[in-house]
Amino acid sequence: MKIFPTKELKFKLINDQAETLNRLNRRTEKSENLTSQHTDKSFRGIIKGNEFKLISSAIGKGAFCVMTGAIESENGNVKVEIHKVFRILLSIILCFPIIGILIAILTGKEEPNPIFILVVIGQILMIRYAFIGLAFKFLSRESLNRLRDVLDFEWIKN
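Bear in mind the structure is a predicted one, so any value in this text is a computation, not a measurement. (Residues numbered from 1 in each chain as written. Predicted model: local features only at pLDDT ≥ 70, side-chain atom pairs only at ≥ 80, totals over all residues. Heavy atoms only, no water.)

Colleague: Tell me about the overall build of the protein, residues and numbers included.
Modeller: Within the protein, the secondary structure is distributed over three helices and seven strands. For the protein, the sequential pattern of α-helices and β-strands runs β-α-β-β-β-β-β-α-α-β. Its C-alpha radius of gyration of 20 Å places the protein more than 25% over the 15 Å reference for a compact globule of 158 residues. Along the longest, intermediate and shortest principal axes, the C-alpha atoms of the protein span 65 × 35 × 20 Å. Looking at the 158 residues of the protein, the share that counts as buried comes to 37%. Pairs at least 24 apart in sequence give 54% of the contacts found in the protein among residues at least 6 apart. As displayed, the protein offers around 9700 Å² of accessible surface, 60% of which is attributable to carbon and sulfur atoms. In the protein, the 23 positive side-chain charges and the 16 negative ones have mean positions that sit 3 Å from each other. (Helix = DSSP H or I, 4+ residues; strand = E, 2+ residues; numbered from the N terminus. Rg over C-alpha atoms; globule rule 2.2 N^0.38 Å. Buried < 20%, exposed > 50% of the residue type's maximum accessible area, 1.4 Å probe, protein only. Contact = heavy atoms within 4.5 Å. Areas by Shrake-Rupley, 256 points an atom, 1.4 Å probe, with all protein chains shown as cover. Lys, Arg positive; Asp, Glu negative; His and termini not counted. Charge placed at Lys NZ, Arg CZ, Asp CG, Glu CD.)

Quick look at the structure:
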């Protein structure tokens with residue numbers, strides 16, 4: 001089980017590589033640190049040659065997913081993962097059930113009980129799959145749709 005979800009997808013360009021890279025450059029605000037900021041462009045990030053590292057410019061939710069990839073002559077690939085800052089924050093949230101049960105046991109409020117282990121595991125799984133998993137699914141889909149609209153390509157089925 002991976003703690004944080006990722007997506008790796010391949011796509012086929014409709015136009016040539018030069019035109020696609022030109023579109024991406026026009027619609028991307030250059031930014032070394034991938035932070036959310038108000039802009040009229042579709043993305044913020046880094047483009048070096050045919051490789052890119054981008055976040056969506058949507059305020060509040062665009063920085064959650066980082067898209068890295070490359071555009072080759074006819075095809076390309078993109079990998080979507082959760083931004084490093086959000087991974088740190090989500091790791092802390094995943095530790096809350098463990099910390100809570102340890103505090104309860106150490107302060108004497110609760111007696112050590114094997115059922116607590118199952119409750120903690122259930123809470124961690126709930127946080128991981130219900131909250132993190134669903135948020136990643138919807139926000140990555142939104143970012144990938146925006147990338148597809150800007151670059152004008154078709155997904156390759158695996």
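More follows now that the structure is in view.
Colleague: So what about the packing of helix α2 (residues 84-106) against helix α3 (residues 114-151)? Which residues, and what values?
Modeller: At their nearest, the axes of α2 and α3 sit 9 Å apart, and the two run at 160° to each other. Classified by the angle their axes make, α2 and α3 are roughly antiparallel. The crossing of α2 and α3 is right-handed. From α2, Leu90, Ile93, Leu94, Pro97, Ile98 and Ile101 reach across to α3, where they touch Phe116, Val120, Gln123, Ile124, Ile127, Arg128 and Ile132. (Axes fitted to C-alpha atoms, helices over the stretch in contact; angles between N-to-C directions. Parallel < 35°, antiparallel > 145°, perpendicular 65-115°, else oblique. Left-handed = near helix turned anticlockwise from the far one by under 90°.)

Colleague: Report on α3, specifying residues and quantitative values.
Modeller: Spanning 38 residues, α3 covers 53 Å between terminal C-alpha atoms, matching the ideal 56 Å at 1.5 Å per step. The positive-phi residue at the C-terminal boundary of α3 is Asp152, with phi of around 60°. (Expected span 1.5 Å × (residues − 1).)

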